[in-house]
Amino acid sequence: MERIIKIGKTLRNNWKKSVLGAVVLYYGAATAKERYEINILMRAACKEAAKYGDALIPMDRNPTLITIILNPVANKRKAKKDFEKYCEPLLHLAGLQVDVIQTTSEGHAKEIVETLRGTEAIIVAGGDGTLSETVTGLLRRNDNANRFPLGVLPLGRTNSVGNTLFPRGDGVAKVKQLIEACMAIVENNTTWKNVMKIEPLNEETPSKPIYALNSMEWGAFRDTEAKKDKYWIYGPFREYASYVFNGYKNTLSWDCRGTIKYTPPCSGCSNCVVKQPEVKRKWTFFIPTKEAASETDLSSRVNPECAMESEMCFKTTDFIIQPQISDGVPSLNVGLAKNNYSYFEFVSEGWRRAKGDDNRSAVVQARTIELQPQEPKPDVVIAIDQEEFEVKPVKITILPNKVKFFCRPELKL
């Protein structure tokens, strides 16, 4: 009893050291527990992947070749380490022939995919920026290259598409997400995704289009989001801090104005249908999957409203275009926020969005949109899948079921 009392007095007299020791002990125990759980997950995943690697393949063909487009600097240079630790072992154990190509600069992924030959699938190991470049490079090709299925290993700072294909998380849940992404490739579970085609207008020298999967954003909220990493000192609250410290600045795009001309959504007719190329599956040792349903011949279908054009002027602090599916019909949804915000309204709305409560509703649904912005201030940018571009007139078109992605089993088509 005396010994216990003595220990209690020592802890009380050295309470600062005691608190620090307790905190260190807690985090040490939490880290050890997390590593143990990750170990168990990886061991089970390796056993599952090895079953596919042990399966026999015909003697007249080589192991399936997949090309990994790896952005080594994604997520503050953690992407390469996480890929080599959690993803690469599973792909090798499954018997896949893995060719890893690391990007070295902005736009490099686009160049790689435009000239890529001899692969059977392309896997993006990075974030939204690397994925957007890959999709753009893939769809710029003139050899029906979108027959290559695309895989997403969500290793970037922003992983919008990866998080829709596989449940997101941190720590153990993040490793589980990467394992599911790898096993989707091994098991050949695929689904089709819609793509936005963005073409510059009124240019003397024609330039190649850009393709996007997530959004096209312009305005003060987007600008504030882009600045959040400057407030890294606030840790998980840096996004909230960004709204507090930027909500009063004139450097944000408070005045987004212009005109949009748009045509209504269409389920497919002789005016707008784009036929999918025939996809032949070569992956003989994978689990059989149902092929996408054959397209109906729409060359004789007439929709007089498809080519009808409407026009709308806008003035807002937040402009966004996103691909959506409304009543089973792919469309471009245009969202607009209020025209004016007070400082406290802006911060409050920003914090609400940071929590995931984005209540923007579509004011326009369209198949094609021609955006004619009024001349913005210098250095004002528009973000296409989180990548910044100059604000200028563009035409946006929704391309239904354009790219095939590996996905979790419940999303498989």
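- Going by the annotation in an unreviewed UniProt entry, the name recorded for the protein chain is Acylglycerol kinase, mitochondrial, with Danaus plexippus plexippus given as the source organism.
- Entered under Sequence similarities (unreviewed entry) in the UniProt record, the comment concerning the protein chain runs "Belongs to the AGK family."
- A UniProt comment under Pathway (unreviewed entry) is attached to the protein chain, and it reads "Lipid metabolism; glycerolipid metabolism."

**Some points on the pairing of strand S1 (residues 65-70)**
- Most of S1 is tucked away, with six of its six residues classed as buried.
- Side-chain alternation along S1 places Leu65, Thr67 and Ile69 on one buried face and Ile66, Ile68 and Leu70 on a second face that is also buried.
- As judged from the six bridges shared by S1 and strand S2 (residues 97-102), these two strands associate in the parallel manner. Within S2, the position partnered with Ile66 by the bridge is Val98.
- Two elements, S1 and strand S3 (residues 121-126), share five bridges in a ladder whose sense is parallel. Across the sheet, residue Leu70 finds its bridge partner in S3, namely Ala125.

**A closer look at the confidence of the model for the protein chain**
- Here the protein chain averages 84 in pLDDT, while 87% of its residues score no lower than 70.
- Segment residues 275-296: pLDDT under 50, and 50 contacts once partners within four positions in sequence are set aside and those in other chains are kept.

**A word on helix H4 (residues 79-93)**
- In this model H4 runs 20 Å from its N-terminal to its C-terminal C-alpha over 15 residues, within 8% of the 21 Å that 1.5 Å per residue would give.
- The largest bend in H4 comes to about 40°, at Cys87, with the proline Pro89 one to four residues further on.
- Here H4 has its buried residues at Ala79, Phe83, Tyr86, Cys87, Leu90 and Leu91.
- Count one or two residues on from H4 and you reach Gly95, which has phi positive near 85°.

**Observations concerning the environment of Leu155**
- Turning to its location among the elements, Leu155 is positioned in the loop between strand S4 (150-154) and helix H7 (160-165).
- According to the relative accessible area criterion, Leu155 is buried, its value standing at 3%.
- Expressed as a C-alpha distance, the spacing of Leu155 and Ala79, which sit 76 residues apart in the sequence, is 5.2 Å.

**Regarding the pairing of strand S14 (residues 381-384)**
- In S14, alternate side chains face the same way, and those of Val381 and Ala383 on one face and Ile382 and Ile384 on the other are all buried.
- In terms of strand pairing, strand S7 (residues 216-219) meets S14 through two bridges, oriented antiparallel. Bridge pairing in S14 links Met216 to Ile384.
- In the sheet, S14 pairs with strand S15 (residues 387-390) via four bridges, with the strands oriented antiparallel. Paired with Ala383 across the strands is Glu388, a residue of S15.
- Two successive antiparallel strands, S14 and S15, enclose a turn made up of two residues, where Asp385 displays a positive phi of approximately 50°.

**Quick look at helix H8 (residues 172-187)**
- When the terminal C-alpha atoms of H8 are compared, their 22 Å separation across 16 residues agrees well with the 22 Å that a helix rising 1.5 Å per residue should span.
- Of all 16 residues in H8, twelve are buried; the element is thus mostly enclosed.
- Listed in full, the buried residues belonging to H8 are Val172, Val175, Gln177, Leu178, Ile179, Ala181, Cys182, Met183, Ala184, Ile185, Val186 and Glu187.
- Of the residues trailing H8, Asn188 is marked for its positive phi of about 60°.

**Some details on the side chain of Thr191**
- Looking at the element boundaries, Thr191 is found in strand S5 (residues 190-200).
- In this structure the side chain of Thr191 is engaged in a polar contact, spanning 3.4 Å, whose partner is the backbone oxygen of Leu411.

**Side note on the sheet that holds S14**
- Taken in spatial order, the six strands of this open sheet run S12-S11-S10-S7-S14-S15, and their pairing is antiparallel. Each edge of the open sheet carries a strand with a single partner, namely strand S12 (362-366) and S15. Adjacent strand axes in the sheet meet at a mean angle of 30° when their direction is disregarded.

**Description of a nonpolar patch on the surface**
- A surface patch of nonpolar side chains, amounting to about 600 Å² of accessible area, comprises Trp232, Ile233, Tyr234, Phe237 and Phe245.
- Looking at the element boundaries, Tyr234 is found in the loop between helix H9 (220-226) and helix H10 (238-246).
- Under the relative-accessibility criterion, Tyr234 is labelled partly exposed at 38%.

**Focus on the nonpolar core**
- Within the largest apolar cluster, 58 residues are counted, with the highest numbers of intra-cluster contacts made by Ile66, Ile68, Val135, Leu153 and Phe405.
- Here this core takes ten residues from H8, the largest share from any one element.
- If we skip the residues at most four places from it in the chain, Phe405 touches Leu131, Val135, Leu150, Val152, Val161, Leu165, Asn189, Thr190, Thr191, Lys193 and Leu213.
- Listed in part, the 25 residues of the second largest apolar core include Phe319, Val364, Ile384 and Ile398.

**Re unusual backbone geometry**
- The phi dihedral of Asn188 falls on the positive side, at around 60°, and the residue is not glycine.
- Within the secondary structure, Asn188 sits in the loop between H8 and S5.
- Of note, Asp385 is a non-glycine position whose phi angle comes to about 50°, a positive value.
- Among the structural elements, Asp385 can be located in the loop between S14 and S15.

Thresholds, definitions, all that
Residues numbered from 1 in each chain as written. Predicted model: local features only at pLDDT ≥ 70, side-chain atom pairs only at ≥ 80, totals over all residues. Heavy atoms only, no water. UniProt positions renumbered as here; feature names shortened; annotations may be inferred. Buried < 20%, exposed > 50% of the residue type's maximum accessible area, 1.4 Å probe, protein only. Helix = DSSP H or I, 4+ residues; strand = E, 2+ residues; numbered from the N terminus. Pairing = 2+ DSSP bridges. pLDDT = per-residue confidence, 0-100. Contact = heavy atoms within 4.5 Å. Expected span 1.5 Å × (residues − 1). Bend = angle between axes of the 7 residues up to and from the residue. Polar contact = N/O pair within 3.5 Å; in protein donor to acceptor, adjacent residues only side chain to side chain. Axes fitted to C-alpha atoms, helices over the stretch in contact; angles between N-to-C directions. Patch = residues over 30% accessible without salt bridge, like charges linked within 9 Å, V, L, I, M, F, W, Y side chains within 5 Å. Areas by Shrake-Rupley, 256 points an atom, 1.4 Å probe, with all protein chains shown as cover. Salt bridge = Lys/Arg side-chain N within 4 Å of Asp/Glu carboxyl O. Core = buried A, V, L, I, M, F, W, Y, C linked by side-chain atoms within 4.5 Å.

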